[in-house]
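Tertiary structure, described
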Amino acid sequence: MLRGYRDRADDSLLTLLGDLPELVRNLVTAEVNAAKAWVSRTAKDAGIGSLWFVIVLFLLFWAIPVLLAFGIIGLSSWWPAWVSALAVFGFLLVFIVIFALLGIARFRKVTKRENPGQAVATDVRLIKGAPEHDRL
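Residues numbered from 1 in each chain as written. Predicted model: local features only at pLDDT ≥ 70, side-chain atom pairs only at ≥ 80, totals over all residues. Heavy atoms only, no water.

Here we look at the overall build of the protein
Across its full length, the protein carries three helices and zero strands. Taken from N to C terminus, the helices and strands of the protein fall in the order α-α-α. Buried residues in the protein amount to 18% of all 136 residues. Counting contacts in the protein only where the partners sit at least 6 residues apart, residues at least 24 apart contribute 68% of the total. Here the protein displays about 10500 Å² of accessible surface, and carbon together with sulfur accounts for 73% of that area. (Helix = DSSP H or I, 4+ residues; strand = E, 2+ residues; numbered from the N terminus. Buried < 20%, exposed > 50% of the residue type's maximum accessible area, 1.4 Å probe, protein only. Contact = heavy atoms within 4.5 Å. Areas by Shrake-Rupley, 256 points an atom, 1.4 Å probe, with all protein chains shown as cover.)

Dropping the structure here:
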């Protein structure tokens, strides 16, 4: 027998009906708590994902002057100055890609998480007796 569950096969109809309000209250309480937890996790992940995009925008902001410095230095003197400017620009691009991928991964995590509305829909389908493979 699973923990927290009891066999109700021998309970009378009146006993089952008497337990119904408590079961519904427990279900509603559990769904509200799940909704609170979902909102909390989603807000945290969205905030962290937004931070990664702020870092990307900050690096992009400074990448444009580096590219301009590359063009100016590349035209005015040959190897040491423009090669170093190109290296700095490449370095910034690598970090831009890394932070953008981190932000995208965090937002994908948010969109894959089951929200409370989906959990309620699953509960309703289970109560109605619909097979599990009928999920939307």
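Some words on the packing of aromatic side chains
For any pair of aromatic rings, the description consists of the separation of the ring centres together with the inter-plane angle of the planes. Throughout the structure, instances matching the rule amount to six aromatic pairs. Among the aromatic residues, those joined into a ring-pair cluster are W52, F91, F95 and F99. (Phe/Tyr/Trp six-rings, centres within 6.5 Å; stacked < 30°, edge-to-face > 60°.)

Observations regarding the environment of I55
Relative to the elements of secondary structure, I55 occurs in helix α1 (residues 13-76). Looking at I55, the relative accessible area reads 24%, which means it is partly exposed. As a C-alpha pair, I55 and I96 span 41 residues in sequence and 8.0 Å in three-dimensional space.

Describing the environment of V120
Turning to its location among the elements, V120 is positioned in helix α3 (residues 116-128). Of the residues examined, V120 reaches a relative accessible area of 40% and is grouped as partly exposed. Distance from V120 to L27, taken between C-alpha atoms, is 9.7 Å for residues 93 residues apart in sequence.

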